[in-house]
Amino acid sequence: MKADLILARGRIRTLGRSGLAVHTHLAIAGNLVVAVGGAEVMRLRGPRTPVVELGAGAVLPGFNDAHAHVVYYGLTRFGADLSGTRSVAQIVERMRAHAKTLAPDEWQQGIGFSAKELVEDRPPHRLELDEATGRRPAFIDERGGHARVANSAALEAAGITDMTKDPPGGRIGRDRDLTPNGLLLEAAMRMVADVQPPQPISRRIQGILKTQRLLLSRGITSVGAAVNRGFADDLGAYERLAEQGRLKIRVNEFLSWELLQAASGLGVRAGFGGALLRAGPIKVFVDGGAERVAMRSGRATWRTSPAELRELVATASRAGLQVAAHAIGDGAIAAMCDAVEAAGVPGLRHRVEHCTICPPDLQRRLARLGMVAVMQPMAARFAQEPSSPFGAHDRWNLAAHGQLIKAGVPVAFSSDLPVMSDPNPWLGIRAAVEDRINGINEFAALRAYTSAGAYSSFEEDVKGTLDPGMLADLQIYDTDPLVTPRAAWDRLRPRAVLVGGETVFGSLD
Ligand SMILES: [Zn+2]
């Protein structure tokens, strides 16, 4: 056998059987790594085998971002970018400028503000939004994805009046006289999204391509594509891109809980699909965003009640489907453990997304039940900010990466894009390594962003390391990240990224 490509004389780490040990040569044939080692790898060189001299360059497996909102982020790129706004007036101004790019009957969306960052320290009121939008239906989303402000026209389109009751797991913000003020929290957000004309599949495809470009540029070769609601269309959009050869990143597509019956009816099971595109876990929200979580200490917001969760996990488990449960507070994580235990079907690797506050007893339960924690390592950094909603007493159990791994729970890392506006994994790796309370070493953090992500989608035998026989998903850096000062990691970008041996970002020379 001759290689199709050899990477030579560099600093190559497999993160697999040889851990962080440095090899100099790697050979690829077809879409697989076929050899890693020293100069002896050159024996696989054929007459037409290109050899890339790495020089000071370094190679790592491609990253796996196990939870990022691919379609949602892509679609927001067509909306008004509200990131960095510091006042309601600035939001109004950006919405006004963006509206000029829209067709007359098109709905308007904006994303990226955070109420905490505005001088007013509150989200805009619908009447303030109306100043920018007039009678065009519009809504804007907070960066975290758990709060939305609709203008008067959007509320009207959704039929939301002072008589409308809060939906289960959601809340409609109101003025003192009970008139809706535009704010929609958690499950109430979809009341306006449900009446918005659906985005055509062509727009979804354009959105996916935008997100794909961003992820690949950060060395991410596999993504868990998270969803908030049941767009069966999304899978179709990926499918079409894959058919046309334009899907370059490996996608594990979550299915919203609304698709549970359809998926089990079709016989979709955990790990259904191929190495490029597969149907991933059923996504369900147990609790809400940062301030609206379910804690055992009493404060509890449930988006899915423990009884409903038990039913859903049992149904999914019977059908052989994995569940990915959004659970931030310890109460929500405990409810998910209860549900998985009651379902009693082993081997499904049910996932807890976020797993933010997880004390030792729950760490042990997660391990015993064979569950996976899919976490955002940046939580370790945010928790230290004075504005953090979690009290100091929770800090020991917050972003408990080190304790979870020690307890035997696979920890996979993710950006939760667009919660993190830059999905660069090095930001999170740095936060996890520098965390003085629950910190982990560089190797563990890199594994959380590579092979643990593969494990979470039942693919640890095909990707996540550069051991021979694995998919040739890798990234090449001009200099070795592991000897680069950590302060420079925030700007770290690969020079080239390969998926299945094909260069999908940057260039080899
Ligand atoms: Zn998410």
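Shown above is the structure to which this text applies.
Note that the coordinates shown come from a computational prediction; the quantities given were computed from them, not determined experimentally.

Details of the sheet that holds strand S13 (residues 180-186)
Pairing in this open sheet of 6 strands is mixed, and the strands run S8-S9-S10-S11-S13-S12 from one edge to the other. Edge strands, defined here as strands with exactly one partner in the open sheet, are strand S8 (80-81) and strand S12 (170-174). As paired elements, strand S11 (residues 147-150) and S13 share 3 bridges and run antiparallel to each other. Bridge pairing links Ala147 to Leu185 in S13. Contacts from helix H2 (residues 88-99) reach S8, strand S9 (108-113) and strand S10 (138-142), with the element oriented near 140 degrees to S9. Sheet contacts for helix H3 (residues 126-133): S9, S10, S11 and S13; angle to S11, the most-contacted strand, approximately 60 degrees.

With respect to the coordination of the zinc ion
Ideal coordination angles are 109.5 degrees for a metal with four donors arranged tetrahedrally and 90 or 180 degrees for a metal with six donors arranged octahedrally. Within the protein, the atoms that donate to the zinc ion are His67 (NE2), His69 (NE2) and Asp416 (OD), at distances of 2.1 to 2.2 Å. All donors of the zinc ion come from a single chain, and their spacing in sequence reads H-x1-H-x346-D. In this pair, His67 sits in strand S7 (residues 63-68) while Asp416 sits in the loop between strand S21 (411-413) and helix H14 (425-434), placing the two residues 349 residues apart along the sequence. Across this residue pair, the class does not change: His67 and Asp416 are buried.

Concerning the nonpolar core
One recurring pattern in soluble globular proteins is that nonpolar side chains are buried together. Judged by nonpolar contacts, the single largest core of 81 residues is most densely connected at Leu366 and Leu404. Looking at this core element by element, the count peaks at 8 residues for helix H10 (residues 330-343). If near-sequence neighbours (up to four positions away) are discounted, Leu404 is found in contact with Cys355, Cys358, Gln363, Leu366, Ala373, Met375, Val409 and Val411.

Let's talk about the pattern of salt bridges
Tallying each qualifying case throughout the model produces 34 salt bridges. When the shortest N-O distance is used, the salt bridge between Glu502 and Lys248 registers 3.1 Å. Within this pair, whereas Glu502 is found in strand S24 (residues 502-506), its partner Lys248 is found in the loop between helix H7 (232-243) and strand S15 (250-256), the two being separated by 254 residues in sequence. Notably, a salt bridge pairs Arg250 with Asp473, separated by 2.6 Å at the nearest N-O pair. Here Arg250, found in strand S15, pairs with Asp473, found in the loop between helix H16 (451-456) and strand S22 (474-477); they are 223 residues apart in sequence, far enough to count as distant. Each of the two residues, Arg250 as well as Asp473, counts as buried.

A few points about the packing of helix H9 (residues 306-318) against H10
Where H9 contacts H10, the two axes come as close as 8 Å, and the packing angle between them is 40 degrees. Compared by their axis directions, H9 and H10 come out oblique. With respect to the hand of their crossing, H9 and H10 are arranged in right-handed fashion. Counting all contacts with H9, which are made through Pro306, Leu309, Arg310, Val313, Ala314 and Ser317, the residues of H10 involved are Ala335, Met336, Asp338, Ala339, Val340, Ala342 and Ala343. Broken down by class, the residue content of the contact of H9 with H10 amounts to 10 nonpolar, 1 polar and 2 charged.

So, H14
In terms of burial, H14 is a largely internal element, 9 of the 10 residues being buried. Within H14, burial applies to Pro425, Trp426, Leu427, Gly428, Ile429, Arg430, Ala431, Ala432 and Val433. Here H14 starts with a cap whose side-chain oxygen sits 3.0 Å from the backbone nitrogen of Trp426, and that cap is Asn424.

Things to note about the environment of Ala153
With respect to the helices, strands and loops of the structure, Ala153 is situated in helix H4 (residues 152-157). For Ala153, a relative accessible area of 6% corresponds to the buried category. For the pair Ala153 and Met378, spaced 225 residues apart in sequence, the C-alpha to C-alpha distance is 37 Å. Other than its neighbours up to four places away in sequence, Ala153 contacts Arg135, Arg136 and Pro137.

Criteria and cut-off values
- Residues numbered from 1 in each chain as written.
- Predicted model: local features only at pLDDT ≥ 70, side-chain atom pairs only at ≥ 80, totals over all residues.
- Heavy atoms only, no water.
- Pairing = 2+ DSSP bridges.
- Helix = DSSP H or I, 4+ residues; strand = E, 2+ residues; numbered from the N terminus.
- Contact = heavy atoms within 4.5 Å.
- Axes fitted to C-alpha atoms, helices over the stretch in contact; angles between N-to-C directions.
- Donors = N, O, S within 2.8 Å, 3.2 Å for Na, K, Ca; no water.
- Buried < 20%, exposed > 50% of the residue type's maximum accessible area, 1.4 Å probe, protein only.
- Core = buried A, V, L, I, M, F, W, Y, C linked by side-chain atoms within 4.5 Å.
- Salt bridge = Lys/Arg side-chain N within 4 Å of Asp/Glu carboxyl O.
- Parallel < 35°, antiparallel > 145°, perpendicular 65-115°, else oblique.
- Left-handed = near helix turned anticlockwise from the far one by under 90°.
- Nonpolar A, V, L, I, M, F, W, Y, C, P; charged D, E, K, R; others polar.
- Polar contact = N/O pair within 3.5 Å; in protein donor to acceptor, adjacent residues only side chain to side chain.

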